[in-house]
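Here's the letter readout for the chains.
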Amino acid sequence: MNEERILLAHGSGGKLSHDLIENIFLKAFYNPILSPLSDQAVFASPAGRLAMTTDSYVVNPIFFPGGDIGKLAVCGTVNDLAVGGAMPLYMSVSFIIEEGMPVEDLKKIVRSMADAAKSCGVTIVTGDTKVVEKGKGDNIFINTTGVGVVKDGINLSPSFIRPGDAVIVSGTIGDHGMAILKERGGFDIPVVSDCAPLHELVRDILSTDAGIRAMRDPTRGGLATILNEFADSSGHAILIEEEKIPVKEAVKGACELLGFDPLYLANEGKIVVVTSKDSSERVLDAMRKNPLGNNAAIIGSILEGSVTGGGVNSPARPRVLLTTAFGNTRVVEKLTGEQLPRIC
Amino acid sequence: MCLGIPGRVVEIKGENAKVDVGGAERKVSLSLLEDASVGDYVIVHAGFAIQKVNEKEALQAIKLFDGFAGKGK
Amino acid sequence: MKYIDEFRKKEPARALFKEIEAISKKEATIMEICGTHTHSISKYGIRGNMPKNLKLISGPGCPVCVTSQSDINRIVEFSRREKAAIIATFGDMLMVPGSFSSLEKERARGADIRVVYSALDTITIAKENPRKEVVFYAVGFETTAPTVAATVVAAKKMNLKNFSIVSLHKLTPPAMRALVASGNINIDGFIAPGHVTSIIGAKSYSFLSNEYNLPCVVAGFEPLDCIYGIYMLVRQINEGRHDIEIEYKRVVTWEGNKKAQAVVNEVFEAADAGWRGIGNIPGSGLRVREGFSDFDCEKRFDMGKGESAEDDLKGCACGMVLKGLVAPPDCVLFRTVCRPESPKGPCMVSSEGTCAAYYKYEAGDFLRSGAYE
């Protein structure tokens, strides 16, 4: 490929499209299922229950400390499968590229995806490419579908959550959110995105054979939003302790400066697990032995019954409560809208 | 209306400084202060240092509050 | 984090709550007039630990909330009309519902509206876009005004030709005076905003003591600062004193920051301004001086008067909340229809707003029952 930048013709299905696919995508992702470059990928169906997920990646900036949109796309897809107890197997990748995107950037992103896929043991088996006019796309959007298989005996769902269960988080929160904000300018912290594939950490957790109820990865909306989802889906309230939640000092400092709350910042390499009380220490141990779970901590527990909140007019619903480092207990709501930097 | 955070001045270049809060650094304008030196603590608001922290007063306040802590038990 | 964590310790707080309980013998109402105080008091559960005879109310302390509906309409309309301009604003303003639209909605319709963290960011935008007009909606009290003034001075030095501001700045002491003089609200003392006062100096509140026999304590924003500030004020009220005291001594002085005051005076002059819920307060706003009219959006463009509108949308009690006459739970829209994701008024939209603070942190009965203490 001689071009420096992606042209509209690269998406039109003709010679340039073919060159792009051969020289960039196939070269990086090469495997026997993909190589015929058919309109579909055909493969033997694995034994067991299938899990499928889909996601779109539109992060801006596309390169950030600790990763890029490509690595994010692969890890994010793998993680959505993993937290359901699925072993990730196959992925599709769809690119929507803005006319004018530097080819070098695309190559870097594709290289990232290939590396991430290899380290996850997931195969990219089919794909698609479109190019839109300059100004109609933000550099590059990536859509994926992931397919995995769930072993017999693995059953995870918030409906299994019981009062007394423990809530564990696998490590420090807010790293990815802060890395993105840092890249957008204004401040500096020695923190990079935690973007990582979590399937092996999940395997370690499940191998303890303990009473694992449910797992989620707290991406957009942060820890607070995931906990609210658990509360709503399970019908039980949750109490967490601020002092137990792992947060890097520099993330705390940046949050103070900008008026953000780490509970609502995005993560791309963390899991929240709910387990039975009896098994919590065992699960914690297993997590800590994995490099992605070094800073795992039990942060709270599931409460008896749902807790109605608000005054006369507020509909009853289970709540997430936080006992602050200061000693008071308050409600933690889901994230609404965007977190915007406060000045006032 | 006054989100202002105390941070330590770690570098000064002309009217601008780098201020550190717990390991996070931000570029901040010193144009509203008479003077500032590396090592000073300043209150940061909307990208400006608006006042220096009087460390003697700060330590006295901390001592006062710690004194109350003893009584709280 | 130094000079932050030390003021968030829980043990001194417990003792201080007991002290306040012990000395508070009179029924009293104290008002804080700063969104950051409202936020802290809710976030750290301070309200729930006050003695029964002490009422803590919030005043017009949120700069976005006190911006009048006609000003909101004016700036929203301007951003809709001037599609070629780049509008810069602090984050909170984006979602405030005007009578017909909001900045967020206009952005979705194609207006180039950007959120900035500092007024200085706007100069960078102006330098990078020399062929476009860049307008900054300058909102904030006396803490923020110097940062905007310094920015305008810098713009003049750089000879920037495409930069201007809309000054929506408001001043704190005139608002306090208006509230007290109105006689509508029973206030026994004020907690004054620490960072505003670090600029204007504690002397700015002398009129409260001299003319109205009201005590005032300038407090910081960490929970121990808030609680100790309340303690100092309650002590004054119960001892029958009306002095101006400083809790936040590590940052606030009697005279304030003279350099910051000077730059504000260089660029701005006091002018009458309309406040949501209160109406016109003489000398309570800042207007750009003649010498800087090149940087005054109102002089460069015809911004109109803004659709005159009732300050508050039907049922919304923002105006009353801002005067401290009503607490958010008493507003019929609170939590039912008015929520952060569907705000009916600025008090819920702005992160400094009283309704937002109550919604986010004060969930009522079950917490007070002590079940989870």
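Residues numbered from 1 in each chain as written. Chains lettered and ligands numbered in written order. Predicted model: local features only at pLDDT ≥ 70, side-chain atom pairs only at ≥ 80, totals over all residues.

Peer 1: Looking at this structure, how should I read the nonpolar core?
Peer 2: Within soluble globular proteins, side chains that are nonpolar tend to cluster in buried spots. Ile168, Leu227, Ile238 and Ala254 of chain A, Ala49 of chain B together with Phe190 of chain C are the most contacted members of the largest nonpolar core, which totals 251 residues. Counting residues per element, this core draws most heavily on helix H10 (residues 223-239) of chain C, at 10 residues. Beyond its immediate sequence surroundings of up to four residues, Ile168 of chain A is in contact with Val273, Thr275, Ser280, Val283, Leu284, Met287, Ala296, Ala297, Ile298 and Ile299 of chain A. (Core = buried A, V, L, I, M, F, W, Y, C linked by C-beta atoms within 7 Å. Buried ≥ 20, exposed ≤ 12 C-beta atoms within 10 Å, placed from the backbone. Helix = DSSP H or I, 4+ residues; strand = E, 2+ residues; numbered from the N terminus. Contact = placed C-beta atoms within 7 Å.)

Peer 1: Explain the domain arrangement of chain A to me, please; I cannot follow it from the model alone.
Peer 2: Size of an interface, as often reported, equals the accessible area lost when the parts are brought together. All names here are of chain A. Assigned domains of chain A: these are domain 1 (8-150) and domain 2 (158-331). Between domain 1 and domain 2, the C-alpha centre-to-centre distance is 29 Å. The interface of domain 1 with domain 2 comprises 20 residues on the first partner and 20 residues on the second. Among the elements of the structure, helix H2 (69-82), strand E4 (86-98) and helix H3 (103-120) are those that each provide at least two residues to the side of domain 1 that touches domain 2. Top element by residues in the side of domain 1 that touches domain 2 is H2. It accounts for 7 residues. Here the side of domain 1 that touches domain 2 is composed, by residue class, of 13 nonpolar, 6 polar and 1 charged. (Domains from an automatic or database assignment. Nonpolar A, V, L, I, M, F, W, Y, C, P; charged D, E, K, R; others polar.)

Peer 1: Hey, could you run me through the sheet that holds strand E11 (residues 272-275) of chain A in this one?
Peer 2: Pairing between the strands of a sheet is mediated by backbone hydrogen bonds and can be parallel or antiparallel. Residue and element names in this part refer to chain A. Pairing is mixed across the open sheet formed by 7 strands, whose spatial order is E9-E11-E7-E12-E10-E13-E14. Because the sheet does not close on itself, it has two edges, and the strands there are strand E9 (212-216) and strand E14 (329-331). In this sheet, neighbouring strand axes are inclined to one another by 25° on average, regardless of whether the strands run parallel or antiparallel. Across 3 bridges, strand E10 (residues 238-241) lies against strand E12 (residues 297-302) in antiparallel orientation. (Pairing = 2+ DSSP bridges. Axes fitted to C-alpha atoms, helices over the stretch in contact; angles between N-to-C directions.)

Peer 1: Explanation requested: the confidence of the model for chain B in the structure shown.
Peer 2: Atomic detail in the predicted coordinates should be set aside for any region of low pLDDT. Residues and elements named next belong to chain B. Mean pLDDT over chain B stands at 92; residues scoring 70 or higher make up 95%. Looking across chain B, the model is least confident in helix H1 (residues 55-72), with a mean pLDDT of 90, and most confident in strand E5 (residues 48-52), with 97. Note on the complex model: pTM 0.90, ipTM 0.95. (pLDDT = per-residue confidence, 0-100.)

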